[in-house]
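# Overview (structure and organization)
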Amino acid sequence: MRVDAIVIGGGVGGLVASLYLRRAGRSVLLLEAKDTPGGVCRTIPSTAGLNVAGGAATLFAIDPRMIEELDFLNKGLTFTVRDMPLAISWPNGKTLLLGRDLHQAAQAIAAYSATDAQNYRRYRQELFALARALRPWWWEDAPGPVAPRNARALLERLEATSAAAYLNGWFESDALKAALAFDAVAPYEPGSALALVWRAAQEMCGRQGAHAIPKGGPAAFAGILIALAKASGVEIRTGARVARLILDGAEVQGVELKSGEKVLSRCVLSSLSRRATLLDLAPTASAGFAETQRLMRSAPHTGEAHITLVLDAAPDLDGMPANARAVIAERLECWLDTDSSARQGQLPDELMMEVVVPTAIEPELGQRALSVAVRGLPTVPKEGRPVSTQLAERVVSTLERRMRNLRAHITGIHFDLPTENRRDTGFSVSRILSSYRARIATPLNGLFLCGSAAEPMDAVSGRAGRLAAGMAHRWLSQRTPS
Amino acid sequence: MTDVLATPFHARASAANRFNRWKLRNGWTLAADYGSAQDEAIAARLNCAAADISWRWRVAIEGRRAEEFLSRLVTRDPARLAPGTAFKALWLNDHGGVRGAGVIARHGRESFRLISTAADRSWIERAGALFDVTVRDVSQEEGGLAIAGPYARLVAEAAGLDPALEPSNFRKIFWRGLDVTLSRFGEHGGYELWCKAEDGSIVWDRIAKAGAEYALRPVGLDAMDILDLEAGVPRPGRDYEPARDGFGAEPSPFDLGLESLIDDLHKLFNGRAALRGIRKTKARVGLEFDGETPMPHMPLLQGTEPVGRTWSSLYSPALRGAIALAQVNLDAAALGTELVCGGQTARVCALPFLPVPDSIGE
């Protein structure tokens, strides 16, 4: 069997890449290792017989150009929540709600700190203005850093500024800083202030920096992509795990599946991480000796877990509005502990988590669930000891401080633990500052990355998929000038 | 400060080194000359000479995946090597910059030797670890003695070593109680004799005895450097700065004039993909001077335009004039082009400066 392009991984990036390549007239085979495509957006049958979201609960970085080009809005994509406010649980037990309305947000903060209330307005304005200025660079494959002149001085400062230092410069309330730092992924890394800017540069439902939930959850969004891909003639094969790449010299010629079957193609797009693609699938050191050693050293030590708690009753949210994303992070300094604990393969003392209640905002899901994202967890637990049971206990007890009687209502728990291979690094300043072209291309000819690893930061976006498809299409055109 | 190492032939070399002139190379102390470097260079060209080459960096590369590893490391495919044969090749970094050059010799199915004039230990050891291959430095376990000159073959024969050996081949020999390896890797003809470190003095004495009839004389490092430059071979460290980091693209093999060491049919080696995007912009040429020997690494002018730099330079007693290796822009590389170097005129000439002397008795 021979196709123009093989796409490894049926996540959003892989689906978008195969769809765009198919629309460009290329024959595409999409290989998904699991039983269903969708990646972090797929649903998983849980213990209670209900379907729960497998990973991401909200979307915040979907490529607007893709939404328009693939005509998503006429394919049934609607959003139940278009702009989720950020709920911060304050140490006194109260909840602080930061929505889009700056005046209201400032008023809410003013109850705790007048300085922070004043600064929050300016912080948001600066962040959003900078984000808008840097959009061309993070939205398309712009050649080189765009850095508009008026933003360059600030950008140069941000390149070396950690999100923690940046937030410390604005605010005095620890809970506010800790919650805002959640989006920076690794807020003590140098340059992670850029992660905040990148977040603010995203757009959902036409609103800058918004978090949204599509009707039917992220799975519905992936479902539309799968339907579009199938309709356009992309062949999707599930349960097909790729064992290795087939190379001729430094040129990719296809893949060999775990089953031993070989599929030949003229190019391969991988939605796995750069590490997994080049270290596990390609022949030893074919990425180059120095690059291979760099990739081996760059194993991420912290990652993000998605935990879905299936409940038998609606959770008691204790004043938190159901359509908000609640960030639970006590103090900014706790992030330092997550890093050092993760390096020792242990859970941190304080878990940093984001809680979304998909049921409350989406009654049609027909289930009650809490979707929890925990950051700063060790990727490889020491001595292979599974952290899942320990983690579940810690997550539930942390949540119970805010939601009474939660434990009694849990009927099922689903884990999606951080693995070393899914992600390259939580945050890397070189990754966020490089171009799409540099993140998509690999040292092997005809091999491209199209998933989350090719984005400036890990996110469900589809942008890398769209741009990788363009690069693969150009590669194929050069090979056969027909 | 690292230790100064004595080669296995040091006892004999120091007895012969009447003027006590020594030089340090790769950590080894070696006789600079045994009287006159120029006389020795002439002897090695017209007669025969023995030189200590134990300073060359040698590693044994062994393991199940040794062939695969070397195939990925160097610019030619060792799968084509039969045991007992060798080739010269380059190794490049990820972006196509030359890290080193050397001889790859196949000892067995899973056993190779790499011999180079400059060590690149960490690169080869770390890369070998990716393939579970052991990379062992054997420089101190073995000594090497070069037998150069037209009479080298007769000397080897007189010493009881069967000299029937094709160029680039080597053979292990049990030589009157000693395990030695006889090879023909060199650019200036002749043979190399490799022995265990403890056998150094015996080997020296046997060669000296066998060579007495042909006026064999020991030659020092300076004379060997003259032969080396006359052969026109650029050396890492001496002539060009090798690409010591993993990612820089300088120097490119094309600009060093070493593209002949890249096998076009060898499709996958480190740096291969990057070579596609590299164009040749400079050429390696020889320069002949009418006057003084210039300093090494001098700028070269064509008219008033800078067109390149010299590499190493010295006085060639065989050519009776100063010569230099140089790297110049392609449009200044035509034979006979006159360039200005430090105020004096230099002419571009063909490489090598002198051919390998014909072997007598072959």
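For clarity, every value in this text was computed on a predicted model and none was experimentally measured.

### Focus: the overall build of chain B
- Within chain B, the secondary structure is distributed over eight helices and 20 strands.
- A compact globule built from 362 residues should have a C-alpha radius of gyration of about 21 Å, and chain B, at 20 Å, falls within 12% of that.
- Projected onto its principal axes, the C-alpha coordinates of chain B cover approximately 60 × 50 × 45 Å.
- Buried residues in chain B amount to 49% of all 362 residues.

### Remarks on the overall build of chain A
- Along the backbone of chain A there are 18 helices and 20 strands.
- A total of 482 residues make up chain A; the buried ones form 52% of that total.
- Across chain A, contacts joining residues at least 24 apart in sequence account for 73% of those joining residues at least 6 apart.

### Some thoughts on the pairing of strand β16 (residues 299-302) of chain B
Residues and elements named next belong to chain B.
- Here β16 runs beside strand β17 (residues 305-316); their pairing, made up of four bridges, is antiparallel. When the bridges of β17 are listed, proline 299 appears paired with arginine 309.
- Joining the antiparallel neighbours β16 and β17 is a turn of two residues, in which glycine 303 adopts a positive phi near 70°.
- Two elements, β16 and strand β19 (residues 338-341), share two bridges in a ladder whose sense is antiparallel. Residue pairing across strands places leucine 300 opposite cysteine 341, the latter belonging to β19.

### Overview of helix α11 (residues 289-297) of chain A
- For α11(A), the complete set of buried residues consists of A:Phe289, A:Ala290, A:Glu291 and A:Thr292.
- Structurally, α11(A) contributes buried residues whose contacts are with α10 (274-281) of chain A together with α4 (121-130) of chain B.

### Comments concerning helix α7 (residues 221-230) of chain B
- Counting buried positions over the 10 residues of α7(B) gives nine, a clear majority of the element.
- Positive backbone phi, approximately 75°, marks B:Gly232, located one or two places after α7(B).

### Regarding the packing of α10(A) against α11(A)
All names here are of chain A.
- It is the contact of α10 with α11, at a shortest axis distance of 10 Å, that shows an interaxial angle of 120°. It follows that α10 is oblique to α11 by the angle criterion. Both α10 and α11 take part in a crossing whose hand is left-handed. Between α10 and α11, the contacting residues are Arg274, Arg275, Leu278 and Leu279 on the first element and Thr292, Leu295 and Met296 on the second.

### Some points on the interface of chain A and chain B
- The interface of chain A with chain B comprises 15 residues on the first partner and 14 residues on the second.
- Those elements giving two or more residues to the side of chain A that touches chain B turn out to be β12 (242-248) and α11 of chain A.
- If you tally residues by element for the side of chain A that touches chain B, the top one is α11(A), at five residues.
- For the side of chain A that touches chain B, a count of residues per class yields six nonpolar, seven polar and two charged.

Parameters and conventions
Note on numbering: residues in each chain are counted from 1, in written sequence order. Here chains are named by letter from A upward and ligands by number from 1 upward, in the order in which they appear as written. With the structure being a predicted model, the display of local features is reserved for residues of pLDDT at least 70 and the display and counting of side-chain atom pairs for 80 or more, all residues being used for whole-chain, interface and lining totals. Strands here are runs of E lasting at least two residues and helices are runs of H or I lasting at least four, both read from the DSSP assignment and numbered beginning at the N terminus. Radius of gyration: C-alpha atoms only; globule rule: 2.2 Å multiplied by the number of residues to the exponent 0.38. As a rule, residues whose C-beta atom has 12 or fewer other C-beta atoms within 10 Å are exposed, those with 20 or more are buried, and those in between are partly exposed; C-beta atoms are placed from the backbone. What counts as a contact here is a pair of residues whose C-beta atoms, placed from the backbone, lie within 7 Å. Strands are treated as partners if at least two bridges between them are detected by DSSP. Interaxial angles span 0 to 180 degrees and are taken between N-to-C directions of axes, which are lines fitted to C-alpha atoms, for helices over the stretch in contact. Note on angle classes: values under 35 degrees are labelled roughly parallel, values over 145 roughly antiparallel, values of 65 to 115 roughly perpendicular, and the remainder oblique. Note on convention: near helix rotated counterclockwise from far helix by under a right angle means a left-handed crossing. Clockwise means right-handed. Under the scheme applied, nonpolar residues are Ala, Val, Leu, Ile, Met, Phe, Trp, Tyr, Cys and Pro; charged residues are Asp, Glu, Lys and Arg; polar residues are all the others, including Gly.

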